[in-house]
Amino acid sequence: MVRVLVRAVASVVASALMGSIIVFLLLRLLKGDVATVILGQTATREALEELRAEMGLDASLVEQYLQWIGGVLQGDMGTSYAAEFDIAHEIWVRIPLTFTLAFSSLILSVIVALVIGTFSAIHAKNWRGTTVDILSQVGIAVPSFWLGLLMATLFAVHLGWLPAGGYVPLSEDFVRGVKSLTMPVLALAIPLSAVLVRYVRSGMLEVLDEDFIRTAQAKGLTLRRAAWRHGIRNASIPLVTVTILQLGQLLAGAVVIENVFTLPGLGRMLVVAVGGREALSVQSLALVLMLMILTLNFLMDIAYGLLDPRIRGRGQTVSHA
């Protein structure tokens, strides 16, 4: 087990290192000059060259990368060019909101998928199961940002039940904080739930044909109780697999939703940094988001092994991302 964990950690580190190189190089291919953005089009050539030298932009790409990644390893991601804030501190301040948004959406999606997917499988041959299938198809087709705008129009503008945007920290006012996160979490969770429901339904349909389910029914359990008591663990295996594949999309959706509802998370910070051509901020944020995805993948792989003893028996983890 220790060997498996060491191998998994090494894989996460190697993936993060390779990803950091790719992000760094891609940002250097974009057109535009940070010095010109800061000083304006009327700046003299001497002023531009002086600012580039001050920011280290006149060094080679290898030197720039080593300087950046070396600082990251020491907890120093540099300073924002324009706003002049400490990037690591700003990310540290904003990351709890993004993590809360993504994690809450993920947990809600999994719970909804298990309940509705199992319900659909049990009622697969009647109108209840068909209705769930239709609704899940609609949910998959609805973009999260459009759903967020629709909910903001309905619940904030017309009904006035929830705030249209902004964020109140849960530590300051728990009720107002929950209200400010309700629509963003739902906007992310509903499309993801629709995807996961179909996989839970498919996995549960296979499980319901297994001999141990029929044995449980022969002992007096109803199909519903047999499914929940004995089938849910086996049906959860494909759910974990698909959830791993959806993690990147979930965080990407969180970036969009944070801007729809003006939440001061990593997504909002990323959009502002891209607009200001803050390459250092963008690459640091991309690295943090990448590490979040890799870490969640690692945890999901462990969960997969716990759900399926055959994987532990082989002494391997399963990576699907």
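In the block above lies the structure referred to throughout.
Residues numbered from 1 in each chain as written. Predicted model: local features only at pLDDT ≥ 70, side-chain atom pairs only at ≥ 80, totals over all residues. Heavy atoms only, no water.

## Let's talk about a nonpolar patch on the surface
Thought 1: A surface patch of nonpolar side chains, amounting to about 510 Å² of accessible area, comprises Phe99, Phe103, Ile107, Ile111, Val115 and Ile116.
Thought 2: Relative to the helices and strands, Val115 is located in helix α5 (residues 87–122).
Thought 3: On the basis of relative accessible area, Val115 is assigned to the partly exposed category, the value being 41%. (Patch = residues over 30% accessible without salt bridge, like charges linked within 9 Å, V, L, I, M, F, W, Y side chains within 5 Å. Areas by Shrake-Rupley, 256 points an atom, 1.4 Å probe, with all protein chains shown as cover. Salt bridge = Lys/Arg side-chain N within 4 Å of Asp/Glu carboxyl O. Helix = DSSP H or I, 4+ residues; strand = E, 2+ residues; numbered from the N terminus. Buried < 20%, exposed > 50% of the residue type's maximum accessible area, 1.4 Å probe, protein only.)

## Re the pattern of salt bridges
Thought 1: Counting across every chain of the model gives one salt bridge.
Thought 2: Of the charged contacts, one joins Arg94 and Glu90 as a salt bridge, the two residues approaching to 3.0 Å between their closest N and O atoms. With Arg94 and Glu90 both in helix α5 and four residues apart, this pair spans about one turn of that helix. For the pair formed by Arg94 and Glu90, the shared burial category is buried.

## Considering the side chain of Ser180
Thought 1: Examined against the element boundaries, Ser180 turns out to sit in helix α8 (residues 174–208).
Thought 2: Residues contacting Ser180, with those up to four places away along its chain left out, are Pro163, Gly166, Tyr167, Val168 and Leu263. (Contact = heavy atoms within 4.5 Å.)

## Quick word on the nonpolar core
Thought 1: Ranked by internal contacts, the top residues of the largest apolar core, which has 63 residues, are Trp68, Met77, Ile91, Leu101 and Leu266.
Thought 2: Mapped by element, the contributors of at least two residues to this core are α1 (2–29), α4 (61–73), α5, α7 (144–158), α8, α10 (223–260), α11 (266–275) and α12 (279–307).
Thought 3: With 11 residues, α12 is the single largest residue contributor to this core.
Thought 4: Residue contacts for Trp68: discarding those within four places in its chain leaves Ser20, Phe24, Asp76, Met77, Leu280, Gln283, Ser284 and Leu287. (Core = buried A, V, L, I, M, F, W, Y, C linked by side-chain atoms within 4.5 Å.)

## Describing the packing of aromatic side chains
Thought 1: Going through the model one piece at a time under the given rule, you end up with five aromatic pairs.
Thought 2: Aromatic side chains Phe24 and Tyr65 sit 5.5 Å apart centroid to centroid with 70 degrees between the ring planes, which places their arrangement in the edge-to-face category. On the criterion of sequence distance, the pair formed by Phe24 in helix α1 and Tyr65 in helix α4 is long-range, its members being 41 residues apart. Of the two residues examined, Phe24 and Tyr65, each falls in the buried class.
Thought 3: Ring geometry for Tyr65 versus Trp68: centroids 6.0 Å apart, planes at 65 degrees, classification edge-to-face. Here Tyr65 pairs with Trp68, and both are found in helix α4, just three residues apart, close to one helical turn. With respect to burial, Tyr65 and Trp68 carry one shared label: buried.
Thought 4: One aromatic cluster is present, formed by Phe24, Tyr65 and Trp68 through successive ring pairs. (Phe/Tyr/Trp six-rings, centres within 6.5 Å; stacked < 30°, edge-to-face > 60°.)

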